[in-house]
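So the chains spell out like this:
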Amino acid sequence: MSPKIRVGIIGFGYMGQIRLKNVNEHPDMKLAGICDPEKKEDILSRNLPFFDKWQDLVNSDIDAVIVCTPNFAIPEIAVYAMNKGCSVFCEKPPGRNYGDIEKICIAEKANPKVKLIFGFNHRHHPGITDAKAIIESGSLGEILTLRGVYGKGGGYDYHTSWRNDSNISGGGILLDQGIHMLDLFRYFVGDFVEVKAMRGITAFDIEVEDNAVVILRTAKGQLAQLHSSATAWKHTFRLEVGCEKGYAVISGLLSKTGSYGRETLVIGRRPAQNEKMAVGNPREETTYYDHDPSWDIEIAHFAECIIKNMPITKGTSEDALKVMSIIDEAYRQPIIHMNKLSSNK
């Protein structure tokens, strides 16, 4: 490997441009090239090395590749790159279904020298990491429940997006956005043994869900509920962690557009027995955040594991497989088109 990690980026949309910034700002990384035929003029106008074919980029003596393509293309690129000895950073969703992720994981096992990481950056948002640390300190007791809402307002052209083409994306809003919240559920309480889901096509003329509700249970009996929505209209992120001695609520999300609002962590503590007047209205501590380090943390972990030959511990293939297992189970349950349901009455 060269003194700096030579990195190729495949896909130069929203995420590809964020990853370019990460690579340029990391002292141990160097951009080797970008492949995205649809963005050729943009890439060349920035005086960046351009490749017409992703295979040529992978074969150009690079050390690592960051895959920022639509879901259907990720497995082929990731497997090819690992078989060529390249470490791989896959953005989410890391494929269309569980089988796609399995293919990537098989290639990882066949190439033990390469590093494979999946982009679940929400784990590294400051509101999440602070809540996790407080809960792990034991001051709030054991987690009892999780409730998450992750919603956006699909625009008037929402039905035209590739994200709603099942052949390309594999699913709808649950896979595209809800996957982050499900990963956070696992981050806080581990694996789930029971999955129930309802999916609906409620507002858009699409073949995949624009709303989904998922209910889960761990082996210990902890309950979790997710509502993933494309009809929230106001962009919404809210994760409530209910514990024996209090609760943590993370709301808002630091993002490029700022449309989810200011990221906030509220810690509430269950009133003591002698605080009867506070029942139902406990004292709360609120923390506000104005900087999102999550993208940089992921890239830094990827680079460190490559340089020091350390195992990936954040955004592992196991994390990707297990969250996709939940989504696959949810997708086995029927989707209901609200208009068709009404017409049958």
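Everything here concerns the structure above.
The text that follows walks through the structure, step by step, so that each part is easy to find. Here the structure is a predicted model, which means the values were calculated and not measured.

1. Concerning the sheet that holds strand S4 (residues 64-67)
- Taking strand neighbours across the sheet as the criterion, the 6 strands line up as S3-S2-S1-S4-S5-S6 in an open arrangement whose pairing is parallel. Here the strands that pair on one side only, and so sit at the sheet edges, are strand S3 (50-51) and strand S6 (116-118).
- Pairing of strand S2 (residues 29-35) with S3 involves 2 bridges; the strand directions are parallel. If you follow Cys35 over to S3, its bridge partner there is Phe51.
- Sheet strands in contact with helix H9 (residues 294-308) are strand S1 (5-10), S2, S4, strand S5 (87-90) and S6, and its direction is about 165° off that of S5.

2. Focus on the packing of helix H1 (residues 14-25) against H9
- Closest axis-to-axis distance for the H1/H9 pair is 10 Å, and the angle between their directions is 60°. By the angle between their directions, the pair H1 and H9 is classed as oblique. Considering how the two elements wind past one another, H1 and H9 form a crossing that is right-handed. Residues Met15, Ile18, Arg19, Asn22 and Glu25 of H1 touch H9, and the partners they reach there are Trp295, Asp296, Glu298 and Ile299.
- In terms of residue class, the contact of H1 with H9 is made up of 4 nonpolar, 1 polar and 4 charged.

3. A short note on the nonpolar core
- Counting 71 residues, the largest nonpolar core has Phe185, Phe188, Phe237 and Leu239 as the members making the most contacts within it.
- Excluding anything up to four places from it in sequence, Phe188 contacts Ile128, Ala131, Lys132, Ile135, Ile143, Leu146, Leu239 and Val241.
- Within the second largest apolar cluster, 26 residues are counted, among which are Val7, Leu48, Phe50 and Cys68.

4. As for the packing of aromatic side chains
- One pass over the full model with this rule turns up 7 aromatic pairs.
- Between Phe89 and Phe302, the ring centres sit 5.6 Å apart and the planes meet at 85°, which makes this aromatic pair edge-to-face. In this pair, Phe89 is assigned in strand S5 and Phe302 in helix H9, connecting sequence segments 213 residues apart. When sorted by exposure, Phe89 lands in the same class as Phe302, which is buried.

Rules used throughout
- Residues numbered from 1 in each chain as written.
- Predicted model: local features only at pLDDT ≥ 70, side-chain atom pairs only at ≥ 80, totals over all residues.
- Heavy atoms only, no water.
- Pairing = 2+ DSSP bridges.
- Helix = DSSP H or I, 4+ residues; strand = E, 2+ residues; numbered from the N terminus.
- Contact = heavy atoms within 4.5 Å.
- Axes fitted to C-alpha atoms, helices over the stretch in contact; angles between N-to-C directions.
- Parallel < 35°, antiparallel > 145°, perpendicular 65-115°, else oblique.
- Left-handed = near helix turned anticlockwise from the far one by under 90°.
- Nonpolar A, V, L, I, M, F, W, Y, C, P; charged D, E, K, R; others polar.
- Core = buried A, V, L, I, M, F, W, Y, C linked by side-chain atoms within 4.5 Å.
- Buried < 20%, exposed > 50% of the residue type's maximum accessible area, 1.4 Å probe, protein only.
- Phe/Tyr/Trp six-rings, centres within 6.5 Å; stacked < 30°, edge-to-face > 60°.

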